[in-house]
Every structure is written in structure tokens, then in C-alpha cells.
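Analysis of the macromolecular model
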Amino acid sequence: MTDLELEAGPAAVGSLVGLAGLLFLVAPVVDPLPVGGLRVSPVALSAVTLTAGFALGTVVFALRGRRLFAIAHGVFAFAWALLVAGPLLGNGDLLLAGVVVLVAGVGFLLSQAR
């Protein structure tokens, strides 16, 4: 049997992404959860958790010298944050900005693919 070696950064990113997925999947059967003084939907918590995973992925890949992966995670963390903040704050402009950043990020990444 081989030893499993886990690195803290990738394990933390994977844990956040996994938690985001789990929160999304349990949304139909779980009532809103208390966060601070608010009751928050698991789907909303999922989106915020995924944003945190993307943001942490930016740092992890940058520290490993993986520039393109770091840029991808950073762009999508920013886009996803806008996509979360728009509906949360009732601001359509933020939502639209999130879509624009997301499309621009995909375009940039496609242009870098060789």
C-alpha cells in the first residue's frame, strides 16, 4: 500500500469546491441555514463557497508558478463574485458585469490555448 501525500493548498481548494457542490446538492431537502442573524439558502452558500475556492486556487497556482491556471482561477473568482453579488444586492449591473467578465475570461483562456 502506498502512502497518500496531501498538500495543504490543493486539499483546501478541493475541500471548498467539494463543500460548494454538496451545499448545492442538498438545497432541495435542507431549509435555509442560520448565518449571523440571517437565514441563507444552501444554494447561496454554495456560490459563496465556490467563489472562495476559486480565489484560493488563484493563490495556490500562483505560488506554484502556474501562471495561466492562476489567472483562470482569479478571473473566475472575480466573475463568480459578481454573479453572486448582483442578485444578492438586487443590482442587475453587477450581474451583467459578472457575465461580461466570465465571457471575457473564457475568450482570453481560449486565446492562450495552443
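Cut-off values and rules
- Throughout this document, residue positions are counted from 1 along each chain, in the order its sequence is written.
- Local features are withheld for residues below a pLDDT of 70 in this predicted model, meaning they are given only at 70 or higher, and side-chain atom pairs are given and counted only at 80 or more; totals for whole chains, interfaces and linings count all residues.
- As a rule here, side-chain values cover all heavy atoms of the structure and leave hydrogens and water aside.
- Each Phe, Tyr or Trp ring (for Trp, its six-membered ring) is paired with any other whose centre lies within 6.5 Å, and the angle between the two planes then decides the class: stacked below 30 degrees, edge-to-face above 60, tilted in between.
- Going along the chain from the N terminus, every DSSP run of H or I of four or more residues is numbered as a helix, and every run of E of two or more is numbered as a strand.
- The cut-offs for exposure are 20% and 50% of the maximum accessible area for each residue type, with area from a 1.4 Å probe on protein chains only; residues under the lower value are buried, those over the upper are exposed, and the others partly exposed.
- Each residue after the first adds 1.5 Å to the expected span of a helix.
- Each direction from the helix axis to a C-beta atom contributes to the arc, which is the arc of those directions.
- By definition in these notes, contact holds between two residues if any of their heavy atoms fall within 4.5 Å.

1. Side note on the packing of aromatic side chains
Aromatic ring pairs are reported here in terms of the distance separating the ring centres and the angle at which the planes meet. Using the criterion set out here, one finds two aromatic pairs in the structure. Pairing Phe54 with Phe76 gives two aromatic rings, centres 6.4 Å apart and planes at 45 degrees, and the pair type is tilted. Placement of the pair is Phe54 in helix H2 (residues 42-63) and Phe76 in helix H3 (residues 67-89), with a sequence separation of 22 residues. Assessed through its relative accessible area of 23%, Phe54 is described here as partly exposed. A relative accessible area of 16% means that Phe76 is categorised as buried. The interplanar angle of 25 degrees and the centroid separation of 5.3 Å between the aromatic rings of Phe61 and Phe69 together place this pair among those described as stacked.

2. Comments concerning helix H1 (residues 8-26)
The terminal C-alpha atoms of H1 lie 26 Å apart, and with 19 residues this matches the ideal 27 Å at 1.5 Å per residue to within 8%. For H1, the set of buried residues is Val13, Ala20 and Leu23. Each buried residue of H1 sits inside an arc of 95 degrees when the element is viewed along its axis, so together they form one side. Residues of H1 that are exposed and point more than 90 degrees away from the buried face comprise Ala8 and Leu25. Contacts made by the buried residues of H1 are with H2.

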